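Chain residues, written in single-letter form:
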Amino acid sequence: GFKNLSGEEAVELAAWVNQIIPPDETPGGSETGVVYFIDAALGSFMSNEAPALRQGLAEFQQKIKSSHPQTRRFSELSFEQQTAMLKSVEDTPLFGMLYFMTLCGMFCLPSYGGNLKNAGWELLGFDHRHAWQPPFGHYDAAVHGEAAVAADVHEHV
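Residues numbered from 1 in each chain as written. Predicted model: local features only at pLDDT ≥ 70, side-chain atom pairs only at ≥ 80, totals over all residues. Heavy atoms only, no water.

Trainee: I'd like a description of the overall build of the chain, backed by residues and values.
Mentor: Within the chain, the secondary structure is distributed over eight helices and zero strands. Shown N-terminal to C-terminal, the secondary structure of the chain runs as helices and strands in the order α-α-α-α-α-α-α-α. In the chain, buried positions account for 38% of the 157 residues. Long-range contacts, defined as pairs at least 24 residues apart, comprise 60% of the intrachain contacts of the chain with a sequence gap of at least 6. Entry remark: accessible area of the chain is about 9,600 Å², with carbon and sulfur atoms responsible for 58%. (Helix = DSSP H or I, 4+ residues; strand = E, 2+ residues; numbered from the N terminus. Buried < 20%, exposed > 50% of the residue type's maximum accessible area, 1.4 Å probe, protein only. Contact = heavy atoms within 4.5 Å. Areas by Shrake-Rupley, 256 points an atom, 1.4 Å probe, with all protein chains shown as cover.)

Okay, here's the thing in C-alpha cells:
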C-alpha cells in the first residue's frame, strides 16, 4: 500500500514514470517501483513538495479534460497521447520534479522503494558491493616496500 499517495494518484504517477522510463525489453519505471519511491519521498525528504505536486497534477488533469473531453485521466490516454501531453508541459516545475523523482527512484538503493530487484543498476551495469578492493599503487608503498613501488613506477614510465 501507499502511505502518502492515494490509489488514483499512484495510477497517474505510474503512467508518468512509464513515459519517462518506458517499459520495453527492460522494465519501465512503474515496474521497478518508482511510484513506491515517490510515495516514500513525499513522506520524507520531498514532503515540502507534496502540495505543489498535488496542485500540479490537478492542473494537469484539467488540461487533459479540456484537450480530451472523452477522457477522465492521463492514465486512460494512449501512450502516444500521453507523450504529446507531457511534451506540452515538459518545461514546467511539475515535470521537472517528476523527472527528478523518477530518475532517483529508478537508480536508488532498493531499500528506498524503487530500483526493484536492482533493475535500474542492471541497466547501467552497476555492480553493487558493500566494499571495493582498492587498486595497488603509490599510496601502499609502506606495505610493499619502496623497492616494489620504484619498480612499478619504472615499469610504467
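Okay, back to it.
Trainee: Tell me about helix α3 (residues 50-67), residues and numbers included.
Mentor: An ideal rise of 1.5 Å per residue puts 26 Å on 18 residues; α3 measures up with 26 Å between its terminal C-alpha atoms. Those residues of α3 lying buried are A50, L53, G56, L57, F60, Q61 and I64. Looking straight down α3, one finds its buried side chains confined to an arc of 140°; they lie on one side. For α3, exposure combined with an orientation more than 90 degrees from the buried face picks out P51 and S66. Taken together, the buried residues of α3 touch α1 (7-20), α2 (34-42), α4 (79-87) and α5 (93-107). (Expected span 1.5 Å × (residues − 1). Arc of directions from axis to C-beta.)

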